[in-house]
Number of protein chains: 2
Amino acid sequence: MPRLNADTRAEIRAAALELFAQRGFVRTSLREIAEQLGITKAALYYHFSSKGELISELVAPLVEDLETFQKRAAEYSAGDDPRPLLETYFDLCHRHRMLFLGLVQDAGVAAELEALTTIIHKRTEVDAVLVGSTEPADLVRATVALGGLQDCVVIFPDEPAEVIKEAAVGAALRALILDR
Amino acid sequence: MPRLNADTRAEIRAAALELFAQRGFVRTSLREIAEQLGITKAALYYHFSSKGELISELVAPLVEDLETFQKRAAEYSAGDDPRPLLETYFDLCHRHRMLFLGLVQDAGVAAELEALTTIIHKRTEVDAVLVGSTEPADLVRATVALGGLQDCVVIFPDEPAEVIKEAAVGAALRALILDR
DNA sequence: GTCTATAACGCGATAGAC
DNA sequence: GTCTATCGCGTTATAGAC
């Protein structure tokens with residue numbers, strides 16, 4: 001029988017986004033999404049031709065926002081104040097944080113052995129030590145510093161480590177330290 | 001028939017680590033790892049009782065290094081120079097960069113639609129604009145700044161956005177700007 | 001527009017021969 | 001120590017009834 005609510009497609013998007021953020025894209029099956037809505041897997045296929053298409057539709061607004069942001073960034077010249085750009089980028093990430101959460105959930109797939117949980121837990125403890133505080137506003141500095149270092153090894157895996165290390169540690173230091 | 005090389009177990013570890021770094025943990029099947037070595041999936045099971053055990057063995061050295069690092073970090077007091085700690089953390093990440101690469105590959109599972117590739121590409125362009133250079137040593141500053149911002153929305157998804165934003169943008173600004 | 005039923009596939013994992 | 005063969009499962013995806 002037809003369901004009462006008209007916009008099943010939008011309902012599917014919403015339910016999927018929530019489950020993806022909680023469990024990641026990989027470990028969320030179409031069956032789970034369908035069950036959450038009280039419809040069947042096959043019914044879902046009526047609305048979306050594949051899991052990829054569903055994901056694609058969820059990611060599209062992020063890509064669009066990024067394109068807009070990129071155009072704005074292209075007008076930036078050395079010497080301009082970068083703060084507004086950084087603020088916009090933060091807002092963008094925050095607006096799409098459900099998707100980013102889904103991505104990191106996926107990254108933790110291997111960690112059914114709890115290794116990743118352990119790793120994250122240890123990082124958090126180190127974060128607190130580095131800033132001597134557990135206030136979010138302080139922890140953020142350590143997150144940017146250590147997270148930034150960590151990002152560099154995956155973004156520049158083939159560059160000579162010494163070059164990256166010097167620049168990265170310098171940037172991390174500045175991010176970490178408030179007073180000067 | 002037995003293979004000529006004695007240390008099959010180590011060979012499996014090496015092949016697995018390489019494939020995991022290239023394609024992620026999720027999308028690398030035991031069959032692929034076995035084929036790369038010219039053995040069968042079943043033979044692999046003689047050496048490792050499960051995929052989890054194989055991954056676990058690869059991740060163990062990272063966890064060990066993190067534990068050592070954490071102990072050292074615990075001796076750090078506010079006011080000490082954080083640089084040595086940051087350098088050690090970078091070295092640690094760099095030493096285990098194959099594993100980190102595997103984790104981000106997993107995160108890109110959803111992106112068979114190439115959305116993630118698009119996203120990363122756009123980020124790289126913005127990075128270059130922000131520092132007005134394509135030199136790795138400069139790009140690193142943008143990576144730490146924008147990567148740090150991005151990390152914050154997944155690390156603190158439930159904190160009030162304004163609190164996180166102010167601290168994060170501040171840290172990103174300091175990471176980005178060299179001269180002061 | 002939604003359902004039931006099922007096909008087709010790849011995965012991790014196991015059994016047993018050699 | 002490695003093989004062939006196969007199981008059981010969850011998955012994406014399709015066909016056809018209502």
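To start, this report covers the structure provided alongside it.

Moving on: the overall build of chain A. Broken down by element type, chain A carries 9 helices and 0 strands. Counting helices and strands in the order they occur from the N terminus, chain A gives α-α-α-α-α-α-α-α-α. Taken against the 2.2 N^0.38 rule, which gives 16 Å for 180 residues, the C-alpha radius of gyration of chain A at 21 Å runs more than 25% over that of a compact globule. Expressed along its principal axes, the backbone C-alpha trace of chain A runs to roughly 70 × 45 × 35 Å. Considering chain A as a whole, with its 180 residues, one finds that 49% of them fall into the buried category. Counting contacts in chain A only where the partners sit at least 6 residues apart, residues at least 24 apart contribute 53% of the total. Charged side chains of chain A number 19 positive and 28 negative; the gap between the two group centres comes to 3 Å.

Residue and element names in this part refer to chain A. The N-to-C vectors of helix α4 (residues 51-74) and helix α5 (residues 83-95) enclose an angle of 175°; their axes lie 11 Å apart at closest approach. By the angle between their directions, the pair α4 and α5 is classed as roughly antiparallel. Contacts from L62, D65, L66, F69, R72 and A73 in α4 reach P84, L85, T88, Y89, L92 and R95 in α5. Residue composition of the contact of α4 with α5, grouped by class: 8 nonpolar, 1 polar and 3 charged.

What follows deals with the nonpolar core. One recurring pattern in soluble globular proteins is that nonpolar side chains are buried together. Within the largest apolar cluster, 120 residues are counted, with the highest numbers of intra-cluster contacts made by I33, L86 and L149 of chain A together with I33, L86 and L149 of chain B. If we ignore the near neighbours within four places in the chain, the residues touching I33 of chain A are I12, A16, L19, F20, T28, L44 and L54 of chain A.

Residues in close proximity to DNA strand D total 19 residues, the closest being K41 and Y45 of chain A together with T40, Y46 and H47 of chain B. Each atom of DNA strand D within 4 Å of the protein belongs either to a base or to sugar and phosphate, the latter forming 64%. Note that a phosphate oxygen of DNA strand D is positioned 3.4 Å from one of the side-chain N or O atoms of R31 of chain A. Between DNA strand D and the protein, one listed contact pairs a phosphate oxygen with a backbone N or O atom of T40 of chain B at 2.6 Å. Here the element with the most residues in the surface near DNA strand D is helix α3 (residues 41-47) of chain B; it accounts for 4 residues.

What counts, and where the lines are drawn
Numbers given for residues are sequential positions, taken from 1 along each chain in its written order. The lettering of chains begins at A and the numbering of ligands begins at 1, in the order of writing. Residues qualify for local features only when their pLDDT is at least 70, as the model is predicted, and side-chain atom pairs are given and counted only at 80 or more; totals for whole chains, interfaces and linings, by contrast, use all residues. Side-chain measures here rest on the full set of heavy atoms in the structure, leaving out hydrogens and waters. Secondary structure is summarised from DSSP: a helix means a run of H or I of at least four residues, a strand means a run of E of at least two, and numbering begins at the N terminus for each. Two things to know: the radius of gyration comes from C-alpha atoms, and the globule rule equals 2.2 Å times the number of residues to the power 0.38. Throughout this description, buried means an accessible area under 20% of the type-specific maximum (1.4 Å probe, protein chains only), exposed means over 50%, and partly exposed covers the range between. Two residues form a contact once any of their heavy atoms are found within 4.5 Å. We count Lys and Arg on the positive side and Asp and Glu on the negative side, and we leave His and both chain ends out. We put the charge of a Lys on NZ, of an Arg on CZ, of an Asp on CG and of a Glu on CD. For helices, the fitted line uses only the C-alpha atoms of the stretch in contact; every axis is such a line through C-alpha atoms, and the angle between N-to-C directions lies from 0 to 180 degrees. Note on angle classes: values under 35 degrees are labelled roughly parallel, values over 145 roughly antiparallel, values of 65 to 115 roughly perpendicular, and the remainder oblique. Lys, Arg, Asp and Glu make up the charged group, whereas Ala, Val, Leu, Ile, Met, Phe, Trp, Tyr, Cys and Pro make up the nonpolar group; the residues left over, Gly among them, are polar. Side-chain atoms within 4.5 Å are what join buried Ala, Val, Leu, Ile, Met, Phe, Trp, Tyr and Cys residues into a set we call a nonpolar core. If even one non-hydrogen atom of a residue comes within 4 Å of a molecule or strand, that residue is called near it. Nitrogen and oxygen atoms within 3.5 Å of one another constitute a polar contact, given that in protein one can donate a hydrogen and the other can accept it, and given that sequence-neighbouring residues count only through two side-chain atoms.

Taken by themselves, the reported measurements are silent on function.
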